[in-house]
Amino acid sequence: MLWRFLAPVGRPVDFAAGFTYACRSSNPRYPLFMNPTTRVFISYSHDSDTHREFVRNLANDLRRNGLDCQIDQYVNGFPPEGWQRWMENQIEQADFVLIVCTPLYLQRYRGNDPDGGRGVNFEGVVISQTLYDHYYRNTKFIPVIPAQGSLDDVPLPLKGYTTYTLPRDYTALYRLL
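Criteria and thresholds
Residues numbered from 1 in each chain as written. Predicted model: local features only at pLDDT ≥ 70, side-chain atom pairs only at ≥ 80, totals over all residues. Heavy atoms only, no water. Core = buried A, V, L, I, M, F, W, Y, C linked by side-chain atoms within 4.5 Å. Buried < 20%, exposed > 50% of the residue type's maximum accessible area, 1.4 Å probe, protein only. Helix = DSSP H or I, 4+ residues; strand = E, 2+ residues; numbered from the N terminus. Contact = heavy atoms within 4.5 Å. Pairing = 2+ DSSP bridges. Axes fitted to C-alpha atoms, helices over the stretch in contact; angles between N-to-C directions. Polar contact = N/O pair within 3.5 Å; in protein donor to acceptor, adjacent residues only side chain to side chain. Salt bridge = Lys/Arg side-chain N within 4 Å of Asp/Glu carboxyl O.

> In this structure, what is going on with the nonpolar core? I would like to understand it.
The nonpolar side chains of soluble globular proteins are, as a tendency, buried together. Counting 20 residues, the largest nonpolar core has I42, L62, L98, I142, L173 and L177 as its most contacted members. Put simply, the parts of the chain that give this core at least two residues each are strand 3 (39-43), helix 1 (49-64), strand 5 (96-100), strand 6 (141-146), strand 7 (164-166) and helix 5 (170-176). A per-element tally of this core places helix 1 first, with four residues. Contact partners of I142, with chain neighbours within four places excluded, come to F96, V97, L98, I99, Y164, L173, L176 and L177. In terms of nonpolar packing, the next biggest core, distinct from the first, is built from 18 residues, M87, C101, V126 and I127 among them.

> Any chance you could explain unusual backbone geometry here in plain terms?
Backbone geometry follows two general trends: most residues other than glycine have a negative phi, and most peptide bonds adopt the trans configuration. Going from L166 to P167, the amide bond is cis rather than trans, its omega being 10 degrees. On the secondary structure map, P167 appears in the loop between strand 7 and helix 5. With a phi angle near 55 degrees, Y135 is a residue other than glycine that sits in the positive phi range. Following the sequence through the fold, Y135 ends up in the loop between helix 4 (118-133) and strand 6.

> I keep staring at the sheet that holds strand 6 and nothing clicks. Help me out?
Backbone-to-backbone hydrogen bonds join strands into a sheet, with any given pair of strands oriented parallel or antiparallel. Reading across from one edge, 4-3-5-6-7 is the order of the five strands in this open sheet, with parallel pairing throughout. At either end of the open sheet lies a strand with only one pairing partner, and these are strand 4 (68-70) and strand 7. Across this sheet, the average inter-strand angle for adjacent strands is 30 degrees, counted without regard to direction. Note: strand 3 against strand 4, three bridges, orientation parallel. Following the sheet pairing, V40 is matched in strand 4 by C69.

> Where do I start with the environment of D68 in this structure?
Along the chain, D68 falls in strand 4. The sequence separation of D68 and A94 amounts to 26 residues, and the corresponding C-alpha distance is 9.1 Å. At 2.7 Å, the side chain of D68 forms a polar contact with the side chain of Q70.

> Would you explain the environment of C101 in this entry?
With respect to the secondary-structure elements, C101 resides in the loop between strand 5 and helix 3 (103-109). Residue classification places C101 among the buried residues on the basis of a relative accessible area of 0%. Along the backbone, C101 and S150 are 49 residues apart, and their C-alpha atoms lie at a distance of 8.2 Å. Excluding residues that lie within four positions of it along the chain, C101 makes contacts with P143, V144, I145, P146, D153, V154 and P155.

> For this particular structure, what's the right way to read the pattern of salt bridges?
Pairing between side chains of opposite charge can happen when the charged atoms of each approach one another. Tallied over the entire structure, the rule returns four salt bridges. Among the salt bridges present, the one from R64 reaches D61, with a minimum N-O distance of 2.4 Å. Note that R64 and D61 are positioned in helix 1 at a spacing of three residues, about one turn of the helix. Judged by its relative accessible area of 28%, D61 is partly exposed. A salt bridge links D113 to R108, with the shortest nitrogen-to-oxygen separation between them at 2.7 Å. Across this residue pair, the class does not change: D113 and R108 are buried.

Note that every value here comes from positions in space, so none of it alone points to a role or purpose.
As structure tokens, then:
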């Protein structure tokens, strides 16, 4: 017996005939027949060693729970394409971007830290432009704050969306992802 149903794009899928999979993921990096894993990028500022460890632990937890999570700390040395292209590619290829909001992140996101934070400054421009291009219809960028954080540290374009406090809201965040 052949099992048939309509794929999301409206074409029949016949699993009995060699998994003739007629629809593609919305993300072009997934080939046919592949069950895509949710890809997550974490944008954060290097506030302190403790904060970097917090972010690394979050990324490691998400990976342990089956998500493809990327952070700069996983890059050995520097990416061959350079940091700017790497950051832009990570944001573009991610299904979700977690934005770890702290006072320093907000300052750098706004471009108000002339002494450092060029990465967050660049990511902030890419994030803001992406939101602008999509008329602020956001299904990708998720603000998160550490347990001692404040909603005041969330960049203005993201204040209208749910913010997750970590680690308290980890389960709810994971279910969303």
